[in-house]
Amino acid sequence: MAWTESGDPDQVHRRLVRHFQDRFGAAPDVVGRAPGRVNLMGEHTDYNAGLVLPVALPHATFAAVRRRDDDVVRVASLQQDSGWEGTLAGCGPGGAQGWAAYAVGVLWALGTGAGEPLEVPGVDVLVDSTVPVGAGLSSSAALECAVGTAVVALLGHDLDTHRERLVRAAVRAETEVVGAPTGGMDQTVAMLAEAGAALLVDFADGSSRAVDLGLAASGLRLLVTDTRVSHALVDGGYGERRADCEEAARRLEVPTLREADAGQVDSLDDDRLRRRARHVTTEIERVRRTVEAFADDDHAALGRLLLASHVSMRDDFEISCPELDTAVETAVEAGAVGARMTGGGFGGSAVALMPAERVEAVARAIDLRFVRDGFTAPAHLLAEPGPGASVRRVGD
Ligand code: ADP
Ligand code: MG
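> Explain the pattern of salt bridges here, please?
Pairing between side chains of opposite charge can happen when the charged atoms of each approach one another. Using the criterion set out here, one finds 28 salt bridges in the structure. A salt bridge links Glu329 to Arg369; the nearest nitrogen and oxygen atoms lie 3.5 Å apart. One end of the pair, Glu329, is in helix 11 (residues 322–333); the other, Arg369, is in helix 12 (residues 359–372), with 40 residues separating them in the sequence. According to the relative accessible area criterion, Arg369 is buried, its value standing at 15%. Each of Asp244, Asp271, Arg272, Arg274, Arg275, Arg276 and Glu318 takes part in one network of salt bridges that share partners.

Printed below as a string of C-alpha cells:
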C-alpha cells in the first residue's frame, strides 16, 4: 500500500533551510507553511455564493524566503526541475509561466490592488511540499499561501491581521496571473483553518467558522485516496461547469444559484443546465446537514449525505471518473460510513469517513480493486484536520 506521509514539520523545515543555503548561498530569513485541504462537502459551490466544508490536511507546502537588496526574484522548488528568475515588475499577468506563476503571482498581488499595497522586496524563494501535486488536494493554494505568508512575515507584519488579505492575494495570483479559475475555497481554508476542525465557509458574505467534527471522540477517521488520475488533463471542464452555473442563474433571473430554490431549478427547460443547478442547490443544503450530522454524531446521516453528494457529482454535475466511482464504491463495501469524490473533479481524490479500525482494510480493498480494474495504483493519506498557515523565523 502506498501512503503519502505528511512528514515531521521540523524535519521538513530543517531540510528546506539546508537546501536553500546550498542553492542560494545564504540562509533564508523566514519559512512560511500552508496546508493542502480535503473538502468534505460543498463542491463547485464556492463560485455560486454557496457553502463549503473543507478540512486542512497535515500535509503542507513550505516556502523559505530571503530578502534581497534589489528587485530580483528567484524561485525554485524541490518538486520541479526548473526555477524562474526575473524582476518584481515581471511577476504579474503575462510574466512568469508554469508553476512559478503561482509563487510569484502572490508577490504581485500583495504589492498591487485595492487597500494598502505592501512594499514587496526582491526575494529568493525555495519551496518544498508534502501535498500531492495535482491530486485535487489544493497544492496550488498551499503554494500561493506559503509564499504569501512568508513575505508578510518578512516585512515584519503580524500574520493574523493579514490572513484575509492573503486569501485575496492568493486568489488573484491564481485567477489573474496563472489564469486558472478558482472559487476561493482552497485559499480560504489554507489561511483560516483551525487544527482539529473543519472550516465552514459561506461565500455569500465570506464569513467562516471552525466546525468541530468530533472525529477523535467518535473514533472516526478520514481516509483520502489519490487516484493518480490528473485533473490537469481536462482543464476546460472546470470553466465549462462554471459557465453552465452562470447561465442557469441568468435564466432563473437570480444573481447566483445560492438564491435559487428546488422548484425554480426544476423549471429549467434545458436538461443539462437543470442538472448542473440541481447539483449546486442540493449540495449547499448537504453542507448544512453535514454540519448538523457531525454535531449529532449521526453516522447513518453522514453516510447518506456523502453518497448523495457523490451521486450528484457523478450524474448531475458530471465531474467524476471511473477511478473515483470505484474508490467510493469500494470504500463503502469495505466498511466506510460514507465516501465521495472531493475537489474540482475529473480525477483527483476521494474521501471516505470510517471507524479507525477499518482504515487499513478499506485502503487495501481499494488497492485490490484498482489492480483488478487495471487502474494505476492509488496513494492514500489520513486527513487528520490540521491548522492553517503559519510562519517561522529561521533560527527560532
Ligand atoms: P491541485 O491544487 O489540486 O494540487 P492544481 O492544478 O490546482 O492542482 O495545481 C497544481 C500546480 O501547482 C502544479 O502543476 C504546479 O504548477 C503548482 N505546484 C503545486 N505545488 C507545487 C510545488 N510544491 N512546487 C512547484 N509547483 C507546485
Ligand atoms: Mg489547485
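Having seen the model, we can carry on.
> Would you mind going over the domain arrangement of the chain with me for this structure?
By a widely used convention, the size of an interface equals the accessible area lost when the partners come together. If you check the domain split of the chain, you get domain 1 (9–211 + 385–393) and domain 2 (212–382). Taking the mean C-alpha position of each, domain 1 and domain 2 sit 25 Å from one another. With 39 residues of domain 1 at the interface, the matching set in domain 2 holds 41 residues. Across the domain 1/domain 2 interface, buried area totals approximately 3000 Å², and carbon plus sulfur atoms make up 68% of it. Counting the surface domain 1 buries against domain 2, the share from its top three residues, Met41, Glu43 and His44, is 22%. Seen at the junction of domain 1 and domain 2, the total is 2 salt bridges.

> Would you explain the packing of helix 7 (residues 236–252) against helix 9 (residues 271–295) in this entry?
Geometry of a packed helix pair, given as the angle between the helix axes and the separation of the axes. Put simply, helix 7 and helix 9 touch, their axes get as near as 9 Å, and they point 95° apart. Accordingly, the angle class assigned to the pair helix 7 and helix 9 is roughly perpendicular. Along its contact with helix 7, which presents Arg241, Asp244, Cys245, Glu247, Ala248 and Arg251, the element helix 9 presents Arg272, Leu273, Arg276, Ala277 and Val280. Each residue belonging to the contact of helix 7 with helix 9 can be placed in one class, and the counts come to 5 nonpolar, no polar and 6 charged.

> Would you mind showing me how to read the site of ligand 1 here?
Neighbouring residues of ligand 1: 18 residues in total, closest Ser77, Gln79, Gly134, Ser139 and Ser140. Interatomic distance of 2.7 Å between a side-chain N/O atom of Ser77 and a nitrogen atom of ligand 1. One of the backbone nitrogen or oxygen atoms of Ser138 is found 3.5 Å away from an oxygen atom of ligand 1. Those elements giving two or more residues to the shell around ligand 1 turn out to be strand 6 (123–129) and helix 3 (139–154). No other element matches helix 3, which puts 3 residues into the shell around ligand 1. When its residues are assigned to classes, the shell around ligand 1 shows 8 nonpolar, 10 polar and no charged.

> Please clarify how helix 3 should be interpreted in this entry.
Spacing of three or four residues puts side chains on the same side of an α-helix, whose turn is 3.6 residues. Given a rise of 1.5 Å per residue, 16 residues ought to cover 22 Å, and the 22 Å separating the end C-alpha atoms of helix 3 matches this to within 8%. Summarising burial for helix 3: 16 of the 16 residues are buried, a large majority. One or two steps after helix 3, the chain reaches Gly156, where phi turns positive at roughly 80°.

Procedures and definitions
- Residues numbered from 1 in each chain as written.
- Chains lettered and ligands numbered in written order.
- Predicted model: local features only at pLDDT ≥ 70, side-chain atom pairs only at ≥ 80, totals over all residues.
- Heavy atoms only, no water.
- Salt bridge = Lys/Arg side-chain N within 4 Å of Asp/Glu carboxyl O.
- Helix = DSSP H or I, 4+ residues; strand = E, 2+ residues; numbered from the N terminus.
- Buried < 20%, exposed > 50% of the residue type's maximum accessible area, 1.4 Å probe, protein only.
- Domains from an automatic or database assignment.
- Contact = heavy atoms within 4.5 Å.
- Buried area = accessible area lost by both parts, 1.4 Å probe.
- Axes fitted to C-alpha atoms, helices over the stretch in contact; angles between N-to-C directions.
- Parallel < 35°, antiparallel > 145°, perpendicular 65-115°, else oblique.
- Nonpolar A, V, L, I, M, F, W, Y, C, P; charged D, E, K, R; others polar.
- Near = heavy atom within 4 Å.
- Polar contact = N/O pair within 3.5 Å; in protein donor to acceptor, adjacent residues only side chain to side chain.
- Expected span 1.5 Å × (residues − 1).

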